[in-house]
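Each chain, letter by letter, is given below.
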Amino acid sequence: MWLLSNKVKVEDSGLLEGFRECHCHLLPGVDDGVKELHETLKILELWQSLGVKEVWLTPHIMEDIPNKTKELKEKCEEVKTVAPKGMDLHLSAENMMDNLFLQRLEQQELLPIGQDRRHLLVETSYYNPPMDMHRFIERIKESGYIPVLAHPERYQYMDMNHYKMWKEKGVLLQLNVPSLVGAYGPEVQYKAEKLLDKGMYDYCGTDTHSMRFVEYFLNGKISKNTVRKVQEIVAYEDL
């Protein structure tokens, strides 16, 4: 098939073979992601059939979705008891850099990502940065964590100079792989391709919120060269 076309469906590309899912909203009923357990299990089974071995569940935590660590842990344990055998599930969170985040940081009431529990997946508004994003990042680092900025290609206020600056300040970047097949529009796809070409990404995730989103992603077209670049990131992820 590669000989007939430069691109192939994601589902047929081998992209997810050995993939470590480090950003998704599959913990049911806790945020704007999957609502029911049966849909979570359906997606996990599909991921497993395509080669995904490890999944980090990263529900939103923000002022509008003030999830509590204890409740998220209980929900995660419920999912683990019925998840596909052989699927390695972990709990983390996607943290909005708002006042709630600063409170949780001070109280050490966080759900970091990674085996060493040192990485924090963080996000901002798509349209505007926090009032003092530099202070947020420094507070994270001073607390002993490594900030991982979720889907930087989706932030409309950021350009290549911003990405370079944050990388120099020790911020790691996480690619939403569906960005590469146009899931968020052509402008986001263009930025994602540029960042990928320049080797700016450190981690990959799908940011899955629903089965409908999964189907769109898997039917998207992707080139063999792009698959190779994504797999190189996954191969060196140290979560």
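What comes next is a walk through the structure. (Residues numbered from 1 in each chain as written. Predicted model: local features only at pLDDT ≥ 70, side-chain atom pairs only at ≥ 80, totals over all residues. Heavy atoms only, no water.)

Points about the overall build of the protein chain
The condition that has to hold: Only runs of H or I of at least four residues qualify as helices and only runs of E of at least two qualify as strands under DSSP, and these elements are numbered from the N terminus. Computation of the radius of gyration draws on C-alpha atoms, with the globule rule given as 2.2 Å multiplied by the number of residues to the power 0.38. Exposure is judged per residue with a 1.4 Å probe applied to protein chains only, and the accessible area is read against the type maximum: over 50% gives exposed, under 20% gives buried, and values in between give partly exposed. Note on contacts: a residue pair qualifies if any of its non-hydrogen atoms lie within 4.5 Å across the two residues. Under the convention used here, a 1.4 Å probe and the Shrake-Rupley method define accessible areas, while residue burial counts only the protein chains that appear. Here Asp and Glu are counted as negative and Lys and Arg as positive; His is not counted, and neither are the chain ends. Note on charges: their place is set at NZ of Lys, CZ of Arg, CG of Asp or CD of Glu.
The helix and strand tally for the protein chain stands at nine helices and eleven strands. Compactness check: the protein chain gives a C-alpha radius of gyration of 17 Å against a globular reference of 18 Å for 239 residues, within 12% of the reference. Dimensions of the protein chain along its principal axes, counting C-alpha atoms only, are 55 × 45 × 30 Å. The 239 residues of the protein chain split such that 57% are buried. Partitioning the intrachain contacts of the protein chain with sequence separation of at least 6 by distance along the chain shows that 79% fall at a separation of at least 24. As displayed, the protein chain has an accessible area near 11,300 Å², and 48% of this comes from carbon and sulfur atoms. Across the protein chain, the mean location of the 30 positive side-chain charges is 4 Å away from that of the 38 negative side-chain charges.

What about the nonpolar core?
Nonpolar side chains in soluble globular proteins generally cluster together in the buried interior. We apply this condition: To form a nonpolar core, buried Ala, Val, Leu, Ile, Met, Phe, Trp, Tyr and Cys residues must be joined to one another through side-chain atoms within 4.5 Å.
Of all hydrophobic cores here, the largest spans 67 residues; its most connected members are Trp47 and Val230. Apart from the residues within four sequence positions on either side, Val230 is in contact with Leu15, Phe19, Leu175, Val177, Leu180, Leu196 and Cys204. Judged by nonpolar contacts, the second largest core, of ten residues, contains Cys22, Trp56, Leu121 and Tyr203.

Digging into the pairing of strand E8 (residues 146-150)
This is how it is decided: What makes two strands pair is DSSP finding at least two bridges between them. By convention, a crossover is right-handed whenever its connection, traced from the first strand over the helix to the second and viewed with the strands pointing away, goes clockwise.
Most of E8 is tucked away: five of the five residues are buried. Because side chains alternate across E8, one face comprises the buried residues Ile146, Val148 and Ala150, and the other comprises Pro147 and Leu149, equally buried. Taken together, the four bridges between strand E7 (residues 119-123) and E8 define a ladder with parallel strand orientation. Of the residues in E8, the one forming a bridge with Leu120 is Pro147. The parallel pair E7 and E8 is bridged by helix H5 (residues 133-142), and the resulting crossover is right-handed. Where E8 lies against strand E9 (residues 172-176), three bridges are found, and the strand directions are parallel. Considered in E9, the bridge of Ala150 is made with Gln174. Read as a crossover between parallel neighbours, the route from E8 over helix H6 (residues 160-168) to E9 is right-handed.

Here's the deal with the sheet that holds strand E2 (residues 20-21)
Ordered by their spatial adjacency, three strands build an open sheet running E2-E3-E5, and the pairing between neighbours is parallel. On the outer flanks of this sheet lie E2 and strand E5 (88-91), each paired with one strand and no other.

What about the environment of Pro152?
Of note, Pro152 is situated in the loop between E8 and H6. When sequence neighbours within four positions are dropped, the list of residues in contact with Pro152 reads Tyr163, Leu173, Gln174, Lys191 and Tyr201.

Focus: the side chain of Asp98
To keep it simple, the criterion reads: Criterion for a salt bridge: a side-chain nitrogen of Lys or Arg within 4 Å of a carboxyl oxygen of Asp or Glu. The term polar contact refers here to a pair of N or O atoms within 3.5 Å; inside protein, the definition further demands a hydrogen-donor-capable atom paired with an acceptor-capable atom, and it admits residues adjacent in sequence only when both atoms are side-chain atoms.
Counting through the fold element by element, Asp98 comes out in the loop between strand E6 (94-96) and helix H4 (99-107). Despite its burial, Asp98 pairs with no opposite charge, the nearest such side chain being Arg104 at 7.9 Å. Separated by 3.0 Å, the side chain of Asp98 and the backbone nitrogen of Phe101 make a polar contact. Asp98 has contacts with Met62, Glu63 and Phe136, leaving out every residue within four places of it along the chain.

Concerning the packing of H4 against H5
Keep this limit in mind: All axes here are fitted lines through C-alpha atoms, helices being fitted over the stretch that makes contact, and every angle between N-to-C directions spans 0 to 180 degrees. Relative orientations are named as follows: roughly parallel for angles under 35 degrees, roughly antiparallel for angles over 145 degrees, roughly perpendicular for angles from 65 to 115 degrees, and oblique for any other angle. It is the rotation of the near helix from the far one that decides the hand of a crossing: anticlockwise by less than a right angle makes it left-handed, clockwise makes it right-handed.
The interhelical angle for the contact between H4 and H5, taken along N-to-C directions, is 20 degrees, at an axis separation of 11 Å. Taken as axis vectors, H4 and H5 run roughly parallel relative to one another. The two elements H4 and H5 meet at a crossing, and its hand is left-handed. Contacts between H4 and H5 involve Phe101, Leu102, Leu105 and Glu106 on the former and, on the latter, Arg135, Phe136, Arg139 and Ile140.

Such coordinate-based values are descriptive only and should not be taken to indicate function.
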